[in-house]
Amino acid sequence: MLEIKNVSMSYTGSGVKAVDDLTLKLNEGEIIGFLGANGAGKTTTIKMITGILPVKQGSISICGHDIVRDSIAAKRSFGYVPDTPLIFDKFTGREYIDFLGDIYKIPTSQRARICEELLDKFSLADAFDKRISGYSHGMKQKIAIIGALIHSPSLWILDEPMMGLDPQSAYALKELMKQHSAAGKTVFFSTHVLDVAEKICDRVAIISKGKLILCGDIAEIKRAQDDESLEEIFLSVAGNA
């Protein structure tokens, strides 16, 4: 589904690697949480996966498509929700979704069905025909989530998706993530909310200073760590790193 092999990344003028020889494989039908402190390399990794940043060392493939050599096919395979929803704010919500639907060549009937379900889940129907410039941060986050799902992607990538969401919408998002994996698709999301990761993830990958320091099934990790909470395990391994 998603395979990252020996990927490294350094920003110009910095002698420190933001991502350091990262190797990680995601399987179909799983939710994997990507955990790390601020500056650990999570967002840099996600930006390379999505093609926003170039992959200069190592390789990343999505559904068998290399993000560098076959970028269009790779990008058609995923939906992406960034940590800050940067959206064309002169569009209405409907115009934005139609714009994405046109890019992915999604039939109008399919768009309508997906929108009807998701607008109801996120209580956004009343604002759908209003300009995005008048949306709150949380509303922009919701329309970004809907846009990322309009083409029913095999891989759903989310960077700190809970930021700005009210409790009802956060619950709806977690349910959507579970439904996505139950359909045999994959969810990869970064988060600081460790109790959410502990409740909904099948696996977690912890990164510190650009290096992957722990990856595995949550239940197995907890058993190996005397059934400590994910928060305690994170603090222990990230602190040691």
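Each remark here, short or long, concerns the structure printed above.
Residues numbered from 1 in each chain as written. Predicted model: local features only at pLDDT ≥ 70, side-chain atom pairs only at ≥ 80, totals over all residues. Heavy atoms only, no water.

1. As for the overall build of the chain
1) Next: The helix and strand tally for the chain stands at nine helices and ten strands.
2) Next: Reported as C-alpha extents along the three principal axes, the dimensions of the chain are approximately 50 × 40 × 35 Å.
3) Next: Evaluated residue by residue, the chain yields a buried proportion of 48% over its 241 residues.
4) Next: Expressed as a percentage of contacts within the chain between residues at least 6 apart in sequence, the contacts between residues at least 24 apart total 67%.
5) Next: As displayed, the chain offers around 11600 Å² of accessible surface, 49% of which is attributable to carbon and sulfur atoms.
6) Next: A gap of 6 Å separates the mean positions of the 28 positive and 31 negative side-chain charges of the chain. (Helix = DSSP H or I, 4+ residues; strand = E, 2+ residues; numbered from the N terminus. Buried < 20%, exposed > 50% of the residue type's maximum accessible area, 1.4 Å probe, protein only. Contact = heavy atoms within 4.5 Å. Areas by Shrake-Rupley, 256 points an atom, 1.4 Å probe, with all protein chains shown as cover. Lys, Arg positive; Asp, Glu negative; His and termini not counted. Charge placed at Lys NZ, Arg CZ, Asp CG, Glu CD.)

2. Digging into the packing of helix α3 (residues 93-103) against helix α5 (residues 137-149)
A pair of packed helices can be characterised by two numbers: the angle between their axes and the separation between those axes.
1) Next: Relative to each other, α3 and α5 sit at 25°, their axes nearing to 9 Å. Relative to α5, α3 is oriented roughly parallel. In this structure, α3 meets α5 at a crossing whose hand is right-handed. From α3, G93, Y96, I97 and L100 reach across to α5, where they touch I143, I146 and G147.
2) Next: Tallied by class, the residues present in the contact of α3 with α5 amount to five nonpolar, two polar and no charged. (Axes fitted to C-alpha atoms, helices over the stretch in contact; angles between N-to-C directions. Parallel < 35°, antiparallel > 145°, perpendicular 65-115°, else oblique. Left-handed = near helix turned anticlockwise from the far one by under 90°. Nonpolar A, V, L, I, M, F, W, Y, C, P; charged D, E, K, R; others polar.)

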